[in-house]
Protein chains: 2
Amino acid sequence: MRVISEQQLDDGVLERRFILGDIPGILWTSPSGPAPAPLILVGHPGGLNRMYPRMAGRARHAVAEGFAAATIELPGSGDRPPSPDAEQARADLRGALAAGEPVTDDIVDRLVLPLADQAVPEWQTALDSLLALPEIEGPVGYSGGIISIGVRLAMVEPRVTAAVLFAGSFVPRVIFEDARQVTVPVQVLLQWDDENNDRQQALDLFDALGSTEKTLHANMGGHTGVPAFEGDSANRFFARHLK
Amino acid sequence: MRVISEQQLDDGVLERRFILGDIPGILWTSPSGPAPAPLILVGHPGGLNRMYPRMAGRARHAVAEGFAAATIELPGSGDRPPSPDAEQARADLRGALAAGEPVTDDIVDRLVLPLADQAVPEWQTALDSLLALPEIEGPVGYSGGIISIGVRLAMVEPRVTAAVLFAGSFVPRVIFEDARQVTVPVQVLLQWDDENNDRQQALDLFDALGSTEKTLHANMGGHTGVPAFEGDSANRFFARHLK
């Protein structure tokens, strides 16, 4: 992990951009807070620069509550080499939606599974480096982004001990099986009228999660309309489970 | 409204038991807090003395957050005269459940509608008296109890400007129509595996509510297993909308 830039934001948060192998990432920490802090991994749909304003907001909020926060770019997104297979799956998805045809399991599998297969070990590698820093310690929470990545990371990575999952993307059937093996506390966010997301599928995925402590927060509005108070709620959830 | 007893609890909360006409009630206020406070009506399934420990806990929590809290007995419950029709409906409900038969609309209507028809004006009368006290002012929130009463009170009573509703009881079809006319912010609590409650019906009722700001909080466990952190969450919801 190589830090390539460092700046102190106006609220005192230290923001470091880094490269891990060939994967860009961002780390937010408090220079003044009690070190070492528990870590929240900031999930996203891909495209660090495009998503930066919203992610930085979530991260700074988390740092203000005593956490460190970090994210890495997803495979095929942002400045990383594009994946022709993923591009094709995305084109097929757009085509099906435009034609009013059903989005087949095949399209969803091609869209999500290779991405999750590649991203999850990358987040685990990032954890190795991040947890080696003196200002960060476990436990680790994962928050938001593509829910299939969050579910699988929560399933396979024992250092992730709590997760806020955003039910806002297509979910391959195999991920429902993964969900049954998730046992850490989870808080699932659902936008009730999410134009990109099937509500019943989201409820079924919530039901499938194996965790004994799981909470669903459904709010009105579309995909990007998650209310600001859910940021507070996520921080309180992580405070209960990571501190 | 006639105060019949008054005591200061160990956390400094002033608890007054009162009679309003022939309806017993309880009022919790802070003797030291900034007066006058917004009011939270503490809903319940009937039986003030039976429900006292849990209700007093919720009320004291609310008072600690700067609210006043009050409740009144439901028609036919506790020390109030029993309703033969309601007793018959309850017996029919128990009979249907014991026989594994469906709970018919007729049973649900007889169980809930006369209760709501009588209770809602009583809560409104209580509001008249409570809001006349110098230590209480609006706005008013309604929290918990029988969801049909909460929905109808939120629909008909303009002084109620926010409601936390507990989806934990049978809902007559006509209440779904009432729900469409509710416009105040609502937070709906659902116990995912509530043995007394149909999950899909609860989701449908949440969907039916006309409020543009509505949030569903679903948690694991049975009817009485609402997690303690939902008390904090309810207080924050009311703080957003009543302060």
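The rules behind each value
Residues numbered from 1 in each chain as written. Chains lettered and ligands numbered in written order. Predicted model: local features only at pLDDT ≥ 70, side-chain atom pairs only at ≥ 80, totals over all residues. Heavy atoms only, no water. Contact = heavy atoms within 4.5 Å. Buried area = accessible area lost by both parts, 1.4 Å probe. Salt bridge = Lys/Arg side-chain N within 4 Å of Asp/Glu carboxyl O. Polar contact = N/O pair within 3.5 Å; in protein donor to acceptor, adjacent residues only side chain to side chain. Phe/Tyr/Trp six-rings, centres within 6.5 Å; stacked < 30°, edge-to-face > 60°. Helix = DSSP H or I, 4+ residues; strand = E, 2+ residues; numbered from the N terminus. Buried < 20%, exposed > 50% of the residue type's maximum accessible area, 1.4 Å probe, protein only. Lys NZ or Arg CZ within 6 Å of the ring centre and 35° of its normal. Least-squares fit on C-alpha atoms with pLDDT ≥ 70 in both.

(A) Up close: the interface of chain A and chain B. Counting residues at the interface gives 20 residues for chain A, matched by 20 residues for chain B. Three residues, Trp192, Met220 and Phe229 of chain A, lead the burial of chain A against chain B; their summed loss comes to 30% of the area buried on that side. At the junction of chain A with chain B, the criterion picks out 2 salt bridges. When the shortest N-O distance is used, the salt bridge between Arg199 of chain B and Asp207 of chain A registers 3.4 Å. At the boundary of chain A and chain B, one finds 11 residue pairs in polar contact (both at pLDDT 80 or more).

(B) Looking closely at the packing of aromatic side chains. Counted by the stated rule, this structure contains 8 aromatic pairs over all chains. Measuring from centroid to centroid gives 6.5 Å for Phe67 of chain A and Phe238 of chain A, while their planes differ by 70 degrees, and the two rings are edge-to-face. Taken together, the residues Phe67 of chain A in the loop between α1 (48-64) and β5 (68-72) and Phe238 of chain A in helix α7 (residues 229-242) connect sequence positions 171 residues apart. Judged by relative accessible area, Phe67 of chain A falls into the buried class, the value being 2%. By relative accessible area, Phe238 of chain A is classed as buried at 1%. Summarising the aromatic geometry, the rings of Phe206 of chain A and Trp192 of chain B are spaced 4.8 Å apart at their centres and angled 90 degrees between planes, so their arrangement reads as edge-to-face. With Phe206 of chain A in helix α6 (residues 199-208) and Trp192 of chain B in the loop between β8 (186-191) and α6 (199-208), the pair connects residues from two separate chains. The buried category is assigned to Trp192 of chain B, whose relative accessible area is 4%. Among the aromatic side chains, those forming a connected cluster through ring pairs are Phe67, Phe237 and Phe238 of chain A. The ring of Phe206 of chain A carries Lys214 of chain A above its face, with NZ or CZ at 5.1 Å from the centroid.

(C) A look at the relation of the copies chain A and chain B. Mapping chain A onto chain B leaves a residual RMSD of 0.0 Å; the transformation is a rotation of 180 degrees accompanied by 0.0 Å of translation along its axis. In short, the pair behaves as if placed about a two-fold rotation axis. In terms of proximity to the rotation axis, the leading residue of chain A is His217 of chain A, whose C-alpha is 2.4 Å off the axis. A share of 100% of interface residues in chain A that are also interface residues in chain B marks the association as one of identical surfaces.

(D) Broad picture of the environment of Ala99 of chain B. Inspection of the secondary structure puts Ala99 of chain B in the loop between α2 (84-98) and α3 (105-131). The spatial distance from the C-alpha of Ala99 of chain B to the C-alpha of Gln201 of chain B is 21 Å, given a sequence separation of 102 residues.

(E) Spatial organisation of the pattern of salt bridges. Residues and elements named next belong to chain A. Applying the stated criterion to the full structure yields 30 salt bridges over all chains. The closest approach of N and O atoms between Arg60 and Asp11, which form a salt bridge, is 2.9 Å. One end of the pair, Arg60, is in helix α1; the other, Asp11, is in the loop between β1 (2-8) and β2 (14-20), and 49 residues separate them in sequence. One connected set of salt bridges, linked through shared partners, spans Asp10, Asp11 and Arg60.

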